[in-house]
Protein chains: 2
Amino acid sequence: MAVTLKNIADKVGKSVPTVSRALAGFDDISPKTRDYVQAVAKEMGYVPNNFARKLQSQKADAVGLILPGSENLRFSDPFFGLLLSGIIERTSAAGMDLSISAANDDEELDVYMEHIKGQRVDGFIIVRTHRKDKRIELLRKHKFPFVSFGRMEDDNNFNFVDEDGNWGIEQVVDHLVDLGHTKLGCIAEPLLYTKSFSRVQGFLNGLKKHGLKFADENLVVTNYRQRSGREAALRLLDLPQPPTAIVALNDLLAIGAIQAAQERGLKVGRDVSITGFDDIVLAEMSNPSLTTLHQPAHEMGTLVAENLIQQIKNQSIEQSQIVLKPTLVVRNSTGTPV
Amino acid sequence: MAVTLKNIADKVGKSVPTVSRALAGFDDISPKTRDYVQAVAKEMGYVPNNFARKLQSQKADAVGLILPGSENLRFSDPFFGLLLSGIIERTSAAGMDLSISAANDDEELDVYMEHIKGQRVDGFIIVRTHRKDKRIELLRKHKFPFVSFGRMEDDNNFNFVDEDGNWGIEQVVDHLVDLGHTKLGCIAEPLLYTKSFSRVQGFLNGLKKHGLKFADENLVVTNYRQRSGREAALRLLDLPQPPTAIVALNDLLAIGAIQAAQERGLKVGRDVSITGFDDIVLAEMSNPSLTTLHQPAHEMGTLVAENLIQQIKNQSIEQSQIVLKPTLVVRNSTGTPV
DNA sequence: TTTGACTTCTAAAACGTTTTAGAATATAGT
DNA sequence: ACTATATTCTAAAACGTTTTAGAAGTCAAA
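Some remarks on the protein's contact with DNA strand C
Then, number 1: In the vicinity of DNA strand C there are 23 residues, among which A:Leu5, A:Ser20, A:Tyr46, B:Thr18 and B:Thr33 approach most closely.
Then, number 2: The separation between a phosphate oxygen of DNA strand C and a polar side-chain atom of B:Lys14 is 3.3 Å.
Then, number 3: Note that a phosphate oxygen of DNA strand C is positioned 2.6 Å from one of the side-chain N or O atoms of B:Thr33.
Then, number 4: Where the surface near DNA strand C is concerned, the elements lending two or more residues are helix 2 (16-24) and helix 4 (50-57) of chain A together with helix 2 (16-24) and helix 4 (50-57) of chain B.
Then, number 5: Among the elements that take part in the surface near DNA strand C, helix 2 of chain A stands out by supplying four residues, more than any other.
Then, number 6: Per-class residue counts for the surface near DNA strand C are nine nonpolar, 10 polar and four charged.

Structure below.
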């Protein structure tokens, strides 16, 4: 049976509030009583009941992360895993719980509302933002604290941490053009995600900047998996005029693309250049190693969490918007076109 | 401001308990009142306050997963990610929270105790079991519900879900010996983990079964990362009498080993055979594709969660111990030795 | 018309904490 | 010696829910 304030109060012969205030170190308790109470509490192994405390304080001391049901397998994505580890590290350190759950798309917003109304969390972390994101609109409407990892297409007056994907992919295009490539292909995740859309913009901007023209068939939109990357790359490589460089918009896609190229008997880095995005651990180890954009996934997770915790604790309305530029890491999957 | 039972009670002109019992559907409330109360509650958007409910019920309706601090980056391991997704899916479906936190090794047991005494969770999921696991011993001593993913070395009278790693690796050895290999090397994670230890046993048992002798230098113990796999493989390949087959005890290690072999100018699957364990998505996409043992990571996560939820809800003491055999998937990283 | 049995509801207590308002005692100032 | 002021404590209320015990009312049977 758990030890309660009442147990301690009985033992020390004081009232429950006295014990409560003694443990909290209030100065209307004499040092003598305070020390005695604290000693007894420690000896009895007292740990406050969380729910009683939260009921009274009307604070959940918890952060919610509701995973879109359709994204259940996202956990196998190393980038997401690292992001999550950063979030957990930071929330843990702040003594807050991280409540992770999953919701099917059709009930997603209801789940958010239930968390809010049931006062289960003090704030949310939103991942995989859409260009028009119903979750963000909902939370903003209810003035409920949240930080998103990623922006919307516009109307971004809320706290977020994001990459500069547009800028990043432009660096990649610069790199490829510098090497001499003029026919570039692109493999993207669904464009309803801001992240994907923005990276594609970077691709198009890059082409325009260098006076290269874009043909529809050079952009293949698919999902985030390696398998899809392979299939998409095959489509690009089998075009009448195949690109000499393929800009895959994440590393898993890029690795799939490398596989596809090798299936077609091409030497990656010589016959065809392939790039990724995120710099997951694997990128360095793939064969050939992958030219990609490095992102500090773990740190981004801590930033998101930190941002939200600040917002919750300070009740401050000041906006914190962080955009991190990825850094180009040139490895062996890119080279001068033959 | 959140809607409470009192708000509803005022509105319908009944007492708070009546409203509470009407919403819960007790039959000492007239159908008329029940329907009316439920309608009003819905209209007002009532959602029960979680903490009040939990305080009263003395149940947390939550499952704890305390990640060893040293394992923070585990999230980047795709296998762990999938396991986690299974756990989340199942706990979510059961209406329970999953409370994930991190604890440094020196304070780990204290964190467990605080969760227990503070009644924050109804049970724990233990991951990465040690051969002697202090966490398991602690929980068992306090008769607190838990399910572990993995066993201890012995004394396993508790609920767990585990792989049959020993058996699995024996299959791998059989496969390699069938191909004609007689000099086998092995790359393992630290042996204090039961998982690693057990897989190594499988390796040794396999050798013995086939009358092959084992030399110490053919076993390299390192950590779980690709980088380590590469370094370990280099050590094996640079031996005076290098093995013709390397049994890496997880896929990341195996992929590192493949890289090492390629650095030494060896063609994997011909000059040297390499195997993994887990069959992460990447295994199929690596070059060459990896012969490995498949494990249903996501399903294992659901099993662990299901097991714990049963235990919590039924208060039953019946033991549930599940051991799953991995299945050998032969791909292109293994072949007849030259 | 009284008893007994149902049906439907409510008052009170409980879960364990914190906050507020104020009581009791001690200390100092005149 | 009496008032004013600190100091140290406690009683009561509050957070929102559920459970327990029992009250009030209705109805049928005797």
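From this point, the narrative continues.
So, helix 6 (residues 108-117) of chain B
Residues and elements named next belong to chain B.
Then, number 1: Of the positions making up helix 6, those classed as buried are Glu 108, Val 111, Tyr 112, Met 113, His 115 and Ile 116.
Then, number 2: Contacts from the buried residues of helix 6 go to strand 1 (62-68), strand 2 (97-103), strand 3 (123-127) and helix 7 (134-141).
Then, number 3: One or two steps after helix 6, the chain reaches Gln 119, where phi turns positive at roughly 50 degrees.

Quick look at the packing of helix 6 (residues 108-117) of chain A against helix 7 (residues 134-141) of chain A
Residue and element names in this part refer to chain A.
Then, number 1: As a packed pair, helix 6 and helix 7 sit with axes 10 Å apart at the nearest point and diverge in direction by 30 degrees. It follows from the interaxial angle that helix 6 and helix 7 lie roughly parallel. Of the two possible hands of crossing, helix 6 and helix 7 adopt the one that is right-handed. On helix 7, the residues touching Glu 108, Leu 109, Tyr 112, Met 113 and Ile 116 of helix 6 are Lys 134, Arg 135, Leu 138 and Leu 139.
Then, number 2: Taken together, the residues that form the contact of helix 6 with helix 7 break down as six nonpolar, no polar and three charged.

Things to note about the interface of chain A and chain B
Then, number 1: Each partner contributes residues to the interface: chain A has 48 residues there, and chain B has 49 residues.
Then, number 2: Summed over both sides, the interface of chain A with chain B buries roughly 4,500 Å², with 58% coming from carbon and sulfur.
Then, number 3: Across the contact surface, chain A and chain B share four salt bridges.
Then, number 4: Between B:Asp97 and A:Arg120 there is a salt bridge, with its nearest N and O atoms 3.3 Å apart.
Then, number 5: Applying the counting rule to chain A against chain B returns seven residue pairs in polar contact (both at pLDDT 80 or more).
Then, number 6: In terms of residue count, the dominant contributor to the side of chain A that touches chain B is helix 5 (residues 78-93) of chain A (eight residues).
Then, number 7: Alignment of strand 2 (residues 97-103) of chain A against strand 2 of chain B, held across three bridges, turns out to be antiparallel. Bridging from a neighbouring strand, A:Leu98 pairs with B:Ile100 of strand 2 of chain B.

Description of the protein's contact with DNA strand D
Then, number 1: Taken together, 23 residues are adjacent to DNA strand D, and A:Thr18, A:Thr33, B:Leu5, B:Ser20 and B:Tyr46 come closest.
Then, number 2: Contact between DNA strand D and A:Gln58: a phosphate oxygen at 3.4 Å from a side-chain N or O atom of the residue.
Then, number 3: Contributions of two or more residues to the surface near DNA strand D are made by helix 2 and helix 4 of chain A together with helix 2 and helix 4 of chain B.
Then, number 4: Across the surface near DNA strand D, the residue classes tally to nine nonpolar, 10 polar and four charged.

Procedures and definitions
Residues numbered from 1 in each chain as written. Chains lettered and ligands numbered in written order. Predicted model: local features only at pLDDT ≥ 70, side-chain atom pairs only at ≥ 80, totals over all residues. Heavy atoms only, no water. Near = heavy atom within 4 Å. Polar contact = N/O pair within 3.5 Å; in protein donor to acceptor, adjacent residues only side chain to side chain. Helix = DSSP H or I, 4+ residues; strand = E, 2+ residues; numbered from the N terminus. Nonpolar A, V, L, I, M, F, W, Y, C, P; charged D, E, K, R; others polar. Buried < 20%, exposed > 50% of the residue type's maximum accessible area, 1.4 Å probe, protein only. Contact = heavy atoms within 4.5 Å. Axes fitted to C-alpha atoms, helices over the stretch in contact; angles between N-to-C directions. Parallel < 35°, antiparallel > 145°, perpendicular 65-115°, else oblique. Left-handed = near helix turned anticlockwise from the far one by under 90°. Buried area = accessible area lost by both parts, 1.4 Å probe. Salt bridge = Lys/Arg side-chain N within 4 Å of Asp/Glu carboxyl O. Pairing = 2+ DSSP bridges.

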